[in-house]
Amino acid sequence: MKSQYIKEIFKSFVNEDKQKFLEYANAIISDEKKLNHQLFANELKDIIENTDKVNVVHDPDYNKYYKRNIPIPRDNEKGFPLLELKEYELNWDDLIVNEDISYHLHSIEKGFWNKEILKTYGIKPKQKILFFGVPGTGKTLTAKILSNVLGFPLVYVRFDAIVSSYLGETATNLKKIFEFIEKGQWVVLLDEFDVVGKQRDDQYEHGEIKRVVNNFMQLLDNFDGESLIIAATNHEQLLDPGLWRRFDDIIHFELPDEKEREKLFRFYFKPIKKGKLDNTRLAAMSTGLSAADISQVVSESIRQMIIENKTDISIELITSVIDMFLKRKKLEPNKI
Ligand SMILES: Nc1ncnc2c1ncn2[C@@H]1O[C@H](COP(=O)(O)OP(=O)(O)OP(=O)(O)O)[C@@H](O)[C@H]1O
Ligand SMILES: [Mg+2]
């Protein structure tokens, strides 16, 4: 395949120039025929004959293929990338949440699988979701899992970086992000979303932030893409009430209860096969710890086992690590 053709095909994709795309695609097909690669040429022809597929990206593999070649939008002034593209190998088994949340999340996923049927009723899957809840409860993790199970790469947007680094540029930056999102099918995570409420004290910034919020709400309302947009925050009380109404679904991530903590200990201790750990006891003594804390308690216990040259983890060792984490939690500054 001529490298010039490949370059032109990529350019036509970026410029959304369907005509150019077809021109070069046909040139490649005829070249392949000349090389006697009949089968390959026919396969390519079959793909482009259904040109509808060329307009909007539906196929997750297609997304993966182009992922690294799509120019990432950047901030005009400082040139930093406005988003990151990521992929994960995470599944629902990696998330321990209560049944209510689990049901909600699975129904979001199923909405996408039933997109075509929903369409016949004039309905779309739920595409704009707000995750809120205390740190370390699985908001970011869930976005990563949804990205993997749906097969849509994750577009990660550090919302606070976009907004606070250069307030005046925010509207342009948000517009660029939404333009990018609409070109493909992604799980878009707008992380640290609460920044829109954080800087209310400053009079000048207050007006600016208000404009940013209004601008964002407009973009969200007008969004007509194929992606799943997730906004995540742990300061939901700072969000503008108008914003809440914009979401198709709102999911509250809570600290794990005793039953969930037991599952978390079992899950994170899985790599340690030696000895039997009393996970019920561990769950009972760890009230107030988040899922992220429990995963850290486990790592810390394993680390201590290794550096102390032990072959097993004792319940006393884990108890002391849990105590350390509980004490540390009490000292945590209030982030608001
Ligand atoms: N519900 C959960 N089940 C299993 N593991 C979890 C869960 N929640 C968090 N973890 C573990 O803790 C790590 C950090 O969690 P995550 O980043 O999803 O928290 P978060 O809710 O986004 O927190 P923050 O509000 O600080 O952004 C995860 O990568 C995972 O290892
Ligand atoms: Mg997070």
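The structure under discussion appears in the preceding block.
All values reported here derive from a predicted model rather than from experimental measurement.

Novice: Go over the pairing of strand β3 (residues 154–158) with me, naming the residues and quoting the values.
Specialist: Across the 5 residues that make up β3, a large majority, 4, are buried. Alignment of β3 against strand β4 (residues 187–191), held across 5 bridges, turns out to be parallel. Each bridged residue has a counterpart across the sheet, and for Tyr156 the counterpart in β4 is Leu189.

Novice: How would you sum up the sheet that holds β4? Please name residues and give values.
Specialist: Reading across from one edge, β1-β3-β4-β5-β2-β6 is the order of the 6 strands in this open sheet, with mixed pairing throughout. The open sheet is flanked by β1 (84–86) and β6 (249–253), the only strands paired with a single partner. Adjacent strand axes in the sheet meet at a mean angle of 25°, parallel and antiparallel pairs treated alike. Sheet topology note: the β1/β3 ladder contains 3 bridges and is antiparallel. Counterpart to Glu84 in the pairing with β3 is Tyr156.

Novice: Quick rundown of the site of ligand 1? Include the residues and the values.
Specialist: Taken together, 16 residues sit near ligand 1, with Gly136, Lys139, Thr140, Asn234 and Tyr268 positioned nearest. Computed on the free molecule, ligand 1 has an accessible area of 630 Å², of which 79% lies beneath the protein chains in the complex. Sorting the residues of the shell around ligand 1 by element identifies α8 (139–150), α14 (258–268) and α16 (291–307) as the ones contributing at least two each. If you tally residues by element for the shell around ligand 1, the top one is α8, at 3 residues.

Parameters at a glance
Residues numbered from 1 in each chain as written. Chains lettered and ligands numbered in written order. Predicted model: local features only at pLDDT ≥ 70, side-chain atom pairs only at ≥ 80, totals over all residues. Heavy atoms only, no water. Buried < 20%, exposed > 50% of the residue type's maximum accessible area, 1.4 Å probe, protein only. Helix = DSSP H or I, 4+ residues; strand = E, 2+ residues; numbered from the N terminus. Pairing = 2+ DSSP bridges. Axes fitted to C-alpha atoms, helices over the stretch in contact; angles between N-to-C directions. Near = heavy atom within 4 Å. Areas by Shrake-Rupley, 256 points an atom, 1.4 Å probe, with all protein chains shown as cover.

Any functional reading would require information that these geometric values do not contain.
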